[in-house]
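# A structural walkthrough
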Amino acid sequence: GATWFRAKRNRTSKAIMKMFQTQLHTAYEKYSDIPQSVKESWFRSFTQFYNWEPELTPLVRSEFDSHATKLYSDHMYAWKQNYLQGKKPKNVNLDVFNALKPYWDLPETKATSETNSKNRKSDRGGRGISTHNAGAKTIEAREEEMTIEAGGVPPDYIQLIKDIHTNKKTNEIQDPKAREFVEKVKDIRDEMMTQRTQNGLGVMTREDINQMVVEQAPVSKNRTYALGKLVDRHPSITSTYPVNSSLVEEVKMLKEQHLEKDIRMNSMQAQIETLQNILKENFPSSFPQTQQ
């Protein structure tokens, strides 16, 4: 699949942000307002940074749009804060920035902003504001790190959720809701393991534990609590994001062009090195020896 896209999200973010900075020439309030032709142009640019099997293009495109939507929203918020503070944001077309100002001044925009702010600061029934301790890393990136740290053995979801919510200084789960959830699924796991042992079924596998955690995790707006996109609650990608055969073929062609370009560059480099060696042999005085 396209799990590499999620695991390397910090890198893919830079690639997408570069497009916002260099290829955004018109002001759009939301990513969904951007014309499809512009999005496809950005996606074609994205193909220069990463490689994948052409048949995975619809899945990668879906991940691209999902991540670009969030990034665009995040940076719209940052640009708005610059505007409210009388500052000019960096790395953005100032014509685009100025064109967005009337939108930010609309009463309905301000009302939506206030609602979102209240939601972010919700105490969740006395549990306080949601917190985690993974910094800017995605849960996919942290899972990849933990797998490497464990010598190639991936963590189960209980270990992963506990890790990203544990304060590294106190070694305790900081978020009350996360702490309650981890304790709950650990108790269920222990009970299930006891039952399996009594019935001679052996220990629970990582897959067994993960399935149990997913079944116990609350779901809101197709998002699984604490696991996010690591667990796909959506229907098949082919039904939600129809395969665009022309796009698949175009990406395949672009990949072939990139490969041909690399081959030509390598060939030229080899020819240059060969020519340099010939010149050194015939005109040694023109190539002084470097001191060791």
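Details of the structure are given in the entry above.
Worth saying up front: this structure is predicted, and the values here are computed from it rather than measured.

### What about the overall build of the protein chain?
When helices and strands are counted, the protein chain shows twelve helices and four strands. Sequence-distant contacts in the protein chain: of pairs separated by 6 or more residues, those separated by 24 or more amount to 63%. Summed over its atoms, the accessible surface of the protein chain is roughly 18,700 Å², and 51% of this surface lies on carbon and sulfur atoms.

### Considerations on the nonpolar core
Membership of the largest hydrophobic core comes to 26 residues, with the highest contact counts inside it found for Phe20, Trp42, Phe46, Phe64, Tyr72 and Trp79. With seven residues, helix α4 (residues 57-84) is the largest single contributor of residues to this core. Of all hydrophobic cores here, the second largest spans 23 residues; its members include Ile139, Ala226, Leu227 and Leu230.

### Comments concerning helix α8 (residues 157-165)
A large share of α8 lies buried, amounting to seven of its nine residues. Listed as buried for α8 are Tyr157, Ile158, Leu160, Ile161, Asp163, Ile164 and His165. Buried residues belonging to α8 abut α7 (139-149), β1 (166-167), β2 (172-173), α9 (176-198) and α10 (206-216). For α8, the N-terminal capping position is held by aspartate 156, with its side-chain oxygen 2.9 Å away from the main-chain nitrogen of isoleucine 158.

### A closer look at the pattern of salt bridges
A full pass over the atoms with the stated rule returns ten salt bridges. As a salt-bridge pair, aspartate 65 and arginine 61 come within 3.1 Å of each other at their nearest N and O atoms. Linking aspartate 65 with arginine 61, this pair stays in helix α4, spanning four residues, or about one helical turn. The same class applies to aspartate 65 as to arginine 61, namely buried.

### Here's the deal with unusual backbone geometry
The phi angle at asparagine 171 is positive, at roughly 60°, despite the residue not being glycine. Here asparagine 171 shows up in the loop between β1 and β2. With a phi angle near 70°, alanine 226 is a residue other than glycine that sits in the positive phi range. Take alanine 226: it is sitting in the loop between β4 (223-224) and α11 (237-240).

### Some remarks on the environment of lysine 162
Here lysine 162 is to be found in helix α8. Each C-alpha atom, one on lysine 162 and one on glutamine 174, is 9.8 Å from the other, the two residues being twelve residues apart in sequence. The contact partners of lysine 162, leaving out residues within four places of it in the chain, are Ile173, Val182 and Lys186.

Thresholds, definitions, all that
- Residues numbered from 1 in each chain as written.
- Predicted model: local features only at pLDDT ≥ 70, side-chain atom pairs only at ≥ 80, totals over all residues.
- Heavy atoms only, no water.
- Helix = DSSP H or I, 4+ residues; strand = E, 2+ residues; numbered from the N terminus.
- Contact = heavy atoms within 4.5 Å.
- Areas by Shrake-Rupley, 256 points an atom, 1.4 Å probe, with all protein chains shown as cover.
- Core = buried A, V, L, I, M, F, W, Y, C linked by side-chain atoms within 4.5 Å.
- Buried < 20%, exposed > 50% of the residue type's maximum accessible area, 1.4 Å probe, protein only.
- Polar contact = N/O pair within 3.5 Å; in protein donor to acceptor, adjacent residues only side chain to side chain.
- Salt bridge = Lys/Arg side-chain N within 4 Å of Asp/Glu carboxyl O.

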